[in-house]
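Report on the structure
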Amino acid sequence: EKGEMAIVLSALGTVSPLATVTVKTQIAGQLIDVAFKEGQLVAKGDLLAQIDPRPYQVALAQAEGQLAKDQSLLKNAELDLARYKTLVAQNSIARQTLDTQAALVQQNRGTVQADQAQVDTQKLNLTYCRIVAPIGGRVGLRQVDPGNYAQTSDPTGLVVITQLQPISVIFTLPEDNLPAVLRRLHAGAALTVTAFDRTGATKLDTGV
């Protein structure tokens with residue numbers, strides 16, 4: 001009978017993660033909680049650590065107060081501008097007064113925009129207080145303990161996450177086997193690869 005006869009090539013390989021991420025804090029503050037255990041598998045978005053949010057909550061309240069104050073000034077300036085337009089139409093005040101008030105309104109609008117940006121910045125800082133996993137994988141050794149002051153300049157970060165799924169295996173083949181393999185690859189074939197443990201007896205996984 002006729003059939004396919006698989007050609008199997010054996011080679012030593014090395015498992016190599018597609019991504020390894022050193023998780024660092026994006027803001028400075030006291031580390032009040034670590035929510036992972038060393039060697040634990042985490043999913044993307046899982047909470048890893050918590051920075052004390054209270055200083056940033058105070059800063060947000062201050063920014064919101066300044067925004068409310070400047071919004072009130074802007075509203076008052078716009079009301080005055082509307083009144084000045086009516087008075088100019090009646091030739092009751094100089095045109096220059098209206099132009100000055102219009103410039104003041106624009107200035108107050110710019111101040112309100114700057115205040116809103118400051119509010120958004122403080123809200124963003126509050127989200128940075130929750131340090132979450134950027135990728136799924138296995139966490140390594142904890143580099144910082146709760147109670148320490150975490151800074152963005154810390155070289156080691158908080159922890160290293162190694163992606164496991166998917167993962168790659170890099171292996172070498174003898175040069176004499178490459179022409180046959182390349183012919184199949186160039187023809188669009190997806191060659192199956194089976195990974196075994198170092199004893200060669202236990203099958204770990206299959207891929208292409």
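Since we're looking at a predicted model, the values are computed, not measured.

Section: the overall build of the chain
Assigned secondary structure in the chain consists of 3 helices and 12 strands. Against the globule reference of 17 Å for 208 residues, the chain gives a C-alpha radius of gyration of 32 Å, more extended than a compact globule. With the C-alpha coordinates of the chain rotated into their principal frame, the extents come out at 110 × 50 × 30 Å. Counting across all 208 residues of the chain, residues that qualify as buried make up 24%.

Topic: the sheet that holds strand S3 (residues 29-34)
Pairing in this open sheet of 4 strands is antiparallel, and the strands run S6-S5-S3-S8 from one edge to the other. Pairing within the sheet leaves two strands with one partner each, and these edge strands are strand S6 (130-132) and strand S8 (149-150). Of the strand pairs in this sheet, S3 and S8 are connected by 2 bridges, and their pairing is antiparallel. In the sheet register, glycine 29 faces S8, and the bridge partner there is alanine 150.

Let's talk about helix H2 (residues 95-128)
Between its terminal C-alpha atoms H2 stretches 50 Å, which fits the 50 Å expected from 34 residues at 1.5 Å a residue. Along H2, the residues classified as buried are Leu98, Gln101, Val105, Asn108, Val112, Asp115, Val119, Gln122 and Asn125. Buried-residue contacts for H2 involve helix H1 (54-89).

Some thoughts on the pattern of salt bridges
Opposite charge on two side chains allows them to pair when their charged atoms are near. In this structure the tally under the stated criterion is 5 salt bridges. For glutamate 78, the salt bridge identified is with arginine 109, shortest N-O distance 3.2 Å. Of this pair, glutamate 78 sits in helix H1 while arginine 109 sits in helix H2, and the two are 31 residues apart along the sequence. Among the residues examined, glutamate 78 registers a relative accessible area of 31% and is labelled partly exposed.

Re the environment of threonine 192
Along the chain, threonine 192 falls in the loop between helix H3 (178-186) and strand S11 (193-196). Separated by 14 residues in sequence, threonine 192 and threonine 206 place their C-alpha atoms 7.2 Å apart. Not counting chain neighbours up to four residues away, the residues in contact with threonine 192 comprise Gly207 and Val208.

Structural notes on H1
Think of an α-helix as 3.6 residues a turn; residues three or four steps apart then line up on the same face. Here H1 contains 36 residues, and its C-alpha end-to-end distance of 53 Å stays within 8% of the 52 Å for a straight helix at 1.5 Å per residue. By the burial criterion, the buried members of H1 are Tyr56, Ala59, Leu60, Ala63, Leu67, Asp70, Leu74, Ala77, Asp80, Leu81 and Val88. On its buried side, H1 packs onto H2.

Remarks on the sheet that holds strand S4 (residues 41-42)
Sheet architecture is open: 4 strands sit in the order S2-S9-S7-S4, paired in antiparallel fashion. Strands with a single pairing partner mark the edges of an open sheet, and in this sheet they are strand S2 (20-23) and S4. The sheet contact formed by strand S7 (residues 137-139) and strand S9 (residues 159-162) spans 2 bridges and is antiparallel. When the bridges of S9 are listed, arginine 138 appears paired with threonine 162.

As for a nonpolar patch on the surface
A cluster of nonpolar side chains, namely Val15, Leu41, Leu164, Ile167, Val169 and Phe171, defines an oily patch on the protein surface of about 480 Å² accessible area. In terms of residues, the nonpolar patch owes the most to one element, strand S10 (residues 167-171), which gives 3 residues. Note on placement: valine 169 falls in strand S10. Its relative accessible area of 38% is what places valine 169 among the partly exposed residues.

Rules behind the numbers
- Residues numbered from 1 in each chain as written.
- Predicted model: local features only at pLDDT ≥ 70, side-chain atom pairs only at ≥ 80, totals over all residues.
- Heavy atoms only, no water.
- Helix = DSSP H or I, 4+ residues; strand = E, 2+ residues; numbered from the N terminus.
- Rg over C-alpha atoms; globule rule 2.2 N^0.38 Å.
- Buried < 20%, exposed > 50% of the residue type's maximum accessible area, 1.4 Å probe, protein only.
- Pairing = 2+ DSSP bridges.
- Expected span 1.5 Å × (residues − 1).
- Contact = heavy atoms within 4.5 Å.
- Salt bridge = Lys/Arg side-chain N within 4 Å of Asp/Glu carboxyl O.
- Patch = residues over 30% accessible without salt bridge, like charges linked within 9 Å, V, L, I, M, F, W, Y side chains within 5 Å.
- Areas by Shrake-Rupley, 256 points an atom, 1.4 Å probe, with all protein chains shown as cover.

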